[in-house]
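Remarks on the overall topology
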Amino acid sequence: MFSSLYHRFSNDIGIDLGTANTLVYLGGRGIVINEPSVVALNTKTNRVVAVGMEAKNMMGRTPQHIRIVRPLVDGVISDYEVTEEMLSYLINKANEIDKKLFRPRVVIGIPVGITNVEMRAVYDAAISAGAREVYIVEEPMAAAIGVRLPIHEPVGSMMVDIGGGTTDIAVIALSGVVRAKSLKVAGDKLTEDIITYMRDEFKMLIGEKTGEHIKMTIGSALPDEHGEEMSIKGRDLVTGLPREAIITDVDIRQAMYSSISQLVDVIREVLETTPPEVLSDIMQRGIVVSGGGALIRNLPKLLEMQLKVPVTVSDDPLTAVARGTGVILEHIDEYKDVLIKNTDDISFR
Ligand code: ADP
Ligand code: MG
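In this report, we go over the structure that sits alongside the text. The structure presented is a predicted model; accordingly, all values stated were derived computationally and were not measured.

As for the overall build of the chain
- Secondary structure summary: the chain contains eleven helices and 16 strands in total.
- The C-alpha atoms of the chain give a radius of gyration of 21 Å, which matches the 20 Å a tight globule of 349 residues would have.
- Principal-axis analysis of the C-alpha atoms places the extent of the chain at approximately 70 × 55 × 35 Å.
- Long-range contacts, defined here as pairs at least 24 residues apart, represent 64% of the contacts in the chain between residues at least 6 apart.
- Positive and negative side-chain charges of the chain, numbering 37 and 48 respectively, have mean locations separated by a distance of 3 Å.

Focus on the site of ligand 1
- In the vicinity of ligand 1, 17 residues are found, and the nearest of them are Thr-19, Ala-20, Asn-21, Glu-212 and Lys-215.
- Glu-212 is positioned such that a nitrogen or oxygen atom in its side chain is 2.5 Å from an oxygen atom of ligand 1.
- A distance of 2.7 Å separates an oxygen atom of ligand 1 from a polar atom in the side chain of Lys-215.
- For ligand 1, whose free accessible area comes to 590 Å², the fraction covered by protein is 88%.
- When residues of the shell around ligand 1 are traced back to their parent elements, those giving at least two are α5 (187-202) and α6 (208-218).
- Ranked by residues supplied to the shell around ligand 1, first place goes to α6 with three residues.
- When its residues are assigned to classes, the shell around ligand 1 shows five nonpolar, nine polar and three charged.

Focus: the side chain of Ser-290
- With respect to the secondary-structure elements, Ser-290 resides in strand β15 (residues 287-290).
- Overall, Ser-290 belongs to the buried group, its relative accessible area being 0%.
- With residues up to four places along the chain from it excluded, the contact list for Ser-290 reads Ala-143, Met-159, Val-160, Asp-161, Ile-162, Ser-314, Pro-317 and Ala-320.

Some remarks on the packing of helix α4 (residues 139-146) against helix α10 (residues 320-330)
- At a minimum axis distance of 7 Å, the contact between α4 and α10 shows a crossing angle of 75°. Judged on the interaxial angle alone, α10 and α4 are roughly perpendicular. Here α4 contributes Glu-139, Ala-142, Ala-143, Ile-145 and Gly-146 to the contact with α10, which in turn contributes Ala-320, Val-321, Arg-323, Gly-324, Thr-325, Val-327 and Ile-328.
- For the contact of α4 with α10, the per-class residue count stands at seven nonpolar, three polar and two charged.

Here we look at the sheet that holds strand β14 (residues 242-248)
- Read from one edge of the open sheet, three strands run β12-β13-β14, paired in antiparallel fashion. Looking at which strands have only one partner, the edges of the open sheet turn out to be β12 (204-205) and β14.
- Sheet analysis places β12 next to strand β13 (residues 229-236), joined by two bridges and oriented antiparallel. Residue Met-204 lies in a different strand from β13, and its bridge partner there is Asp-236.
- α6 rests against β13 and β14 of the sheet, and its axis sits at about 170° to β13.

A word on the pattern of salt bridges
- Counted under the stated rule, the structure contains 14 salt bridges.
- One salt bridge connects Asp-193 with Lys-189, and the closest N-O pair in it is separated by 2.6 Å. Pair noted here: Asp-193 and Lys-189 are both in helix α5, with a separation of four residues, about one helical turn.
- Under the relative-accessibility criterion, Asp-193 is labelled buried at 11%.
- Between Arg-268 and Asp-265 there is a salt bridge, with the nearest N and O atoms lying 3.1 Å from each other. In this pair, Arg-268 and Asp-265 are both assigned in helix α7 (residues 249-272), three residues apart and thus about one turn of the helix distant.

Re α7
- Here α7 contains 24 residues, and its C-alpha end-to-end distance of 32 Å stays within 8% of the 34 Å for a straight helix at 1.5 Å per residue.
- Of all the bends in α7, the largest measures some 50° and sits at Tyr-257.

As for a nonpolar patch on the surface
- A cluster of nonpolar side chains, namely Leu-205, Leu-237 and Val-238, defines an oily patch on the protein surface of about 290 Å² accessible area.
- Tracing the chain through its elements places Leu-237 in the loop between β13 and β14.

Structural notes on the environment of Glu-244
- Mapped onto the fold, Glu-244 is located in strand β14.
- Contact partners of Glu-244, with chain neighbours within four places excluded, come to Ser-231, Ile-232 and Lys-233.
- Reaching out from Glu-244, the side chain makes a polar contact with the side chain of Ser-231 at a distance of 2.7 Å.

Calculation rules
Residues numbered from 1 in each chain as written. Chains lettered and ligands numbered in written order. Predicted model: local features only at pLDDT ≥ 70, side-chain atom pairs only at ≥ 80, totals over all residues. Heavy atoms only, no water. Helix = DSSP H or I, 4+ residues; strand = E, 2+ residues; numbered from the N terminus. Rg over C-alpha atoms; globule rule 2.2 N^0.38 Å. Contact = heavy atoms within 4.5 Å. Lys, Arg positive; Asp, Glu negative; His and termini not counted. Charge placed at Lys NZ, Arg CZ, Asp CG, Glu CD. Near = heavy atom within 4 Å. Polar contact = N/O pair within 3.5 Å; in protein donor to acceptor, adjacent residues only side chain to side chain. Areas by Shrake-Rupley, 256 points an atom, 1.4 Å probe, with all protein chains shown as cover. Nonpolar A, V, L, I, M, F, W, Y, C, P; charged D, E, K, R; others polar. Buried < 20%, exposed > 50% of the residue type's maximum accessible area, 1.4 Å probe, protein only. Axes fitted to C-alpha atoms, helices over the stretch in contact; angles between N-to-C directions. Parallel < 35°, antiparallel > 145°, perpendicular 65-115°, else oblique. Pairing = 2+ DSSP bridges. Salt bridge = Lys/Arg side-chain N within 4 Å of Asp/Glu carboxyl O. Expected span 1.5 Å × (residues − 1). Bend = angle between axes of the 7 residues up to and from the residue. Patch = residues over 30% accessible without salt bridge, like charges linked within 9 Å, V, L, I, M, F, W, Y side chains within 5 Å.

Below, the structure written as structure tokens:
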């Protein structure tokens, strides 16, 4: 009815359901929501209390009966209600931004590794949250589209999306995923590594926020000409009292070394099983890295050295997937072949 009154794209939104951050792309507008993928649950009533930034701000300050969950990391995505609450929160919020939004068509990016049950939960939850049609796309495919790789062409591309909970690796050619792998070594694991290192080597307890801050400030995969150091505050494990310590980039590289090696090994494994023609395309055109983990200093350089393949970081790596869902929804017919239209299409690879 009266559809001509509506803005051409106003009925479509793209959602990047990341393990760390959830982004919403409003058709014709761009990214309008960027919030942590966090949900606060009341364990007594089993109801969702808060979503996104509001839920993250409750972290570490919650009463006994409130539990903070990260749906994609803690596996709650298979919990239908949490997923639905989160999606309806996002759809409603997009609705507040664009009042014309009514039963939108929704393109959702999901990690490569999630199970069929989880994918079905996402699909059903989006419908129940008010979506008219739901299209699911794998995140590295969305990222590749977002950074304008020639995914339809008979030429191989490799996308490595280093997020919070997972790193998704995909080799793409002719609109299809030729090889894919997902591993649970990504940004959050590196933060954990730093926390563990501080505990073991400095006998100091630091929180997640501090760990992440250290990673973003002096974390690097290879040394630079000038070393870096920073002073951090934590709790002395022996005395239980606050203490300060000076740590350097060398410490942090050591802390992250084993995880980064694992990451390199898995990318190498994917390359090793890639058909030779496609591999030769990748060797020529390089690997593109996206996701927040792509911002770790010198990580692309390290990958390049270890894998002997050129590596580039996508521009604005944190928004590549969301921008990809935007490109898809604005040209849906062109991208039908990369979408999982209904959950019966979902197959194991
Ligand atoms: P997801 O797609 O899984 O939600 P993101 O792509 O949003 O994840 O990336 C989140 C991860 O990236 C977090 O672990 C965060 O610590 C890390 N990150 C974000 N910015 C930086 C930065 N500048 N340097 C290093 N790591 C970063
Ligand atoms: Mg992501």
